[in-house]
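# Coordinate inspection notes
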Amino acid sequence: MDLKSRRIERMDLSPLLLSLKVAITATAMVTISGLALAILMVKLRFPGKSLLEVFLTLPLVLPPSVVGYYLLLILGRNGPLGWLNWLFTWKAAVLASWLVALPLMFRSAKAALESVDPSLEMVARTLGAPPWKAFLEVTLPLASRGIMAGIILSFARALGEFGATLMVAGNIPGKTRTIPLAIYTAVQANRMDLATLWVVITVSLAFAFILMVNKLQPR
Amino acid sequence: MRPVLVARFSKKIGNFFIEADFEMGNEVLVLFGPSGSGKTSILRCLSGLLTPDQGFIELNGQVLFSSDGKKVRVNVPVHQRRIGFVFQDYALFPHMTVAENILYGCRDRAKKQELLQSLVEKMRLKGLEDYYPHQLSGGQKQRVAIARALAMEPQLLLLDEPFSALDKPVRRKLQSDLLKLQKGMEIPIILVTHDLEDAFTMGTKLAVVNAGRIEQVGEKEEILKHPRTRAVARFTGARNIMEGKVLGKDEKGIYLEWNGLVFEAPPHEAIPGSTVTFCIRPEDVMILRPDRPLREGIKENLLSGIIVQEIHRGTYWTLFFKVSSVETGRDYDLEISIPLHAHTRLGLGAGKEITVSLKKSAIHIIPD
């Protein structure tokens, strides 16, 4: 008992803070880029559209290690973004989380936008609203629940990112060790008590998120 | 008088051709035709939601669209056309209240409240201002949609099947609302319907649409009496469409042969020897009263035969009549409409033998 409380007291909370920092940053990026891509796909017709859609969904299906592998190539010393020197920093973790969460956001937002009756936007235009205004005032608010659900799902996914993060950001305590990595490390070190604690925190967070998403689904 | 709206355009949608060519003033024009005949597409081309392949649209002296088929010279965007469009399913904004819906297109912010009050009054929506669309009945939704279109003071109002989803009493009330409204407004209104009764109640002018084309435009009486094509005759309820040979003509009329019988029709330029299509409306077939001498005007084109079937339509009867003297190989030769009281007085019924007269003036030769 005495031993346990001492251990918890010494528990390093940096994985929680780091996880939140990475997930919030990645979610902000995913929200903007995912929504923009969804609008692009719904509104425009261009060659290679269906191919782009496949590419955008790919990270959802691929093992995170494959995503990590490609990110490593891109961010590596000789990669196109090697000059950024992001490898094994929290920024690489953000990039990994962004990439695996993007399909979730993109697909949720696209489905939400497509579910809005197109005649509503048409009516708004006949009533004097330019296309962008009709979209902002009619389609976007009506799709907001679905978009919100996409944001929460993306946040949850970013928070749980493990495989790709491990490959590009590593597992540096206080620098790139997020909650999932902390759990892995604790188990490796046979610190089941610490692992359990992180697991309980993660499960509670996930539970809350799913509850929120379900509340947002239209009945 | 200079027309307010001039529309002449064509558009190919898939392998369907839309063609419109008409002019109108500040009146109600009813686009009438069966479902899928392209009526809604014509409205969409006018509003700018669809871009015609070529043609010309002018409203109040302003060219809204002009293209020779190669280059689009003018194409005013939808939001600058000031054309009110009431969709078939109303398309009310579900996230806005009745008041917000109505005022969406309001141009003058200072006049908002005043405008809302007058529209709410006119469209009988008092007390519903803070309701959301899902809390309204079908008729209320339709009135909100119309009020919303009027709030932006349109130069032209388009109504797509405004009555189709409403039941009869609500429909009647809305029709009278609209007619009242039209009298107070100096704008053209185009209304789409596939219902003949709605078409006649609402329109001063009718445009009959068939397979994407406007086949005939004119005053409603004119279209009823003188349909220009077979399709127009069919859609407007000229149930008896027959083919005959022109035997000859004189100054009094033209003589048509139908299955060995000779009918007299009003003067017409058809060439003797040619085959023509002619029609007579079911309400223009007169049943002779056996107890009365033949009056002038109904002793023309007499046919004797038998009623093979009858249908009670509520306010009138439809009789199916077969001519006895010739065998046409059909179940019946003529369809006759007769008011309830006449049906009773004449003691009609299936199996009864009667003599009918095809009034000469009611026989119309279809030009196409």
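Since the structure is predicted, the reported quantities are computational estimates derived from the model, not experimental observations.

The next subject is the interface of chain A and chain B. Contacts between the two partners involve 15 residues from chain A and, on the opposite side, 18 residues from chain B. At the level of secondary structure, the elements contributing two or more residues to the side of chain A that touches chain B comprise α6 (118-126) and α7 (131-160) of chain A. Broken down by element, the residue count for the side of chain A that touches chain B peaks at seven residues, all from α6(A). Taken together, the residues of the side of chain A that touches chain B sort by class into ten nonpolar, three polar and two charged.

Let us look at the sheet that holds strand β13 (residues 253-258) of chain B. Sheets are built from strands paired through backbone hydrogen bonds, the pairs being either parallel or antiparallel. Residue and element names in this part refer to chain B. Spatially, five strands are ordered β14-β13-β12-β15-β21 in an open sheet, and the strand pairing comes out antiparallel. At either end of the open sheet lies a strand with only one pairing partner, and these are β14 (261-265) and β21 (364-366). If you compare each strand with its neighbour and ignore which way they point, the axes differ by 50 degrees on average. The pairing of strand β15 (residues 275-280) with β21 spans three bridges and is classified as antiparallel. Paired with F278 across the two strands is I365, which belongs to β21.

Quick look at the nonpolar core now. By size, the foremost hydrophobic cluster in this structure holds 154 residues, and its most contacted members are A:A96, B:L158 and B:A207. Counting residues per element, this core draws most heavily on helix α5 (residues 90-114) of chain A, which supplies 16 residues. In this structure B:L158 touches B:L43, B:L46, B:S47, B:I83, B:G84, B:F85, B:V86 and B:I190, once residues within four positions along its chain are discounted.

All names here are of chain B. Topologically, T40 is positioned in helix α1 (residues 39-47). On the neighbour-count criterion, T40 (20 C-beta atoms within 10 Å) is buried. Placed 278 residues apart in sequence, T40 and T318 show a C-alpha to C-alpha distance of 32 Å. Setting aside residues no more than four positions away along its own chain, T40 makes contact with D160 and V192.

Rules used throughout
Residues numbered from 1 in each chain as written. Chains lettered and ligands numbered in written order. Predicted model: local features only at pLDDT ≥ 70, side-chain atom pairs only at ≥ 80, totals over all residues. Contact = placed C-beta atoms within 7 Å. Helix = DSSP H or I, 4+ residues; strand = E, 2+ residues; numbered from the N terminus. Nonpolar A, V, L, I, M, F, W, Y, C, P; charged D, E, K, R; others polar. Pairing = 2+ DSSP bridges. Axes fitted to C-alpha atoms, helices over the stretch in contact; angles between N-to-C directions. Core = buried A, V, L, I, M, F, W, Y, C linked by C-beta atoms within 7 Å. Buried ≥ 20, exposed ≤ 12 C-beta atoms within 10 Å, placed from the backbone.

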